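An overview of the molecular structure
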Amino acid sequence: MDKLLDFGAAVQHVPADEILSRHEPEIALKILLNHCGRSTGRWEALAAAMTFDYDGEKITFGELLDSLAGATAET
C-alpha cells in the first residue's frame, strides 16, 4: 500500500489524461477506487471531471482527485 501512496504522490502534477490512459492506468484505477470507494457522489464527480476538454487546458491527476473532495463521501 505504501508503494501505491508513493506513486499517487509522485503523479500529482502529471496531466490526468496521461496517467489514466497512457502510463499507469491500472495503478490510477487503484488510487481512484481507494479515493472514491462506494460513494456514488464521488464517482459522479469523477465522471463529470473526466469530460475535460482535450483541446483546452489539461488538468493534473492531483487536480482531478481534488475535484472529488467536494463530492459527498456517503454512499
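Everything here concerns the structure above.
This write-up is about the structure you can find in this document.

What counts and what doesn't
Residues numbered from 1 in each chain as written. Predicted model: local features only at pLDDT ≥ 70, side-chain atom pairs only at ≥ 80, totals over all residues. Heavy atoms only, no water. Helix = DSSP H or I, 4+ residues; strand = E, 2+ residues; numbered from the N terminus. Buried < 20%, exposed > 50% of the residue type's maximum accessible area, 1.4 Å probe, protein only. Contact = heavy atoms within 4.5 Å. Arc of directions from axis to C-beta. Core = buried A, V, L, I, M, F, W, Y, C linked by side-chain atoms within 4.5 Å. Expected span 1.5 Å × (residues − 1).

Along the chain, the position of Thr-60 falls in the loop between α4 (40–49) and α5 (61–69). Exposure remark for Thr-60: the relative accessible area of 17% places this residue in the buried category. With sequence-adjacent residues up to four places away left out, Thr-60 is seen in contact with Gln-12, His-13, Val-14, Pro-15 and Ala-16.

A separate point is α5. Each full turn of the α-helix corresponds to 3.6 residues, which orients residues three or four apart in the same direction. Among the residues of α5, Phe-61, Gly-62, Leu-64, Leu-65 and Leu-68 are the ones counted as buried. Seen from one end, α5 has its buried residues packed into an arc of 160 degrees, which puts them on one side. Those residues of α5 that are exposed and angled more than 90 degrees off the buried face are Asp-66 and Ala-69.

Looking now at the nonpolar core. Of all hydrophobic cores here, the largest spans 16 residues; its most connected members are Leu-20, Leu-32, Phe-61, Leu-64, Leu-65 and Leu-68. Setting aside anything within four residues of it in sequence, one finds Leu-32 in contact with Leu-20, Gly-37, Trp-43, Leu-46, Leu-65 and Leu-68.

For Leu-46, the position within the fold is in helix α4. Residue Leu-46 is classed as buried on the basis of its relative accessible area, which comes to 7%. Spatially, the C-alpha atom of Leu-46 lies 9.2 Å from that of Ala-71, the residues being 25 residues apart in sequence. Sequence-distant contacts of Leu-46, that is, excluding residues within four places in its chain, are made with Leu-32, Leu-64 and Leu-68.

Right, let's get into helix α3 (residues 25–36). Spanning twelve residues, α3 covers 16 Å between terminal C-alpha atoms, matching the ideal 16 Å at 1.5 Å per step. Considered for burial, the residues of α3 that qualify are Ala-28, Ile-31, Leu-32 and Cys-36. Here the buried residues of α3 occupy an arc of 115 degrees about the axis, which is enough to place them on one side. Facing away from the buried side of α3, by more than 90 degrees, are the exposed residues Glu-26 and Lys-30.

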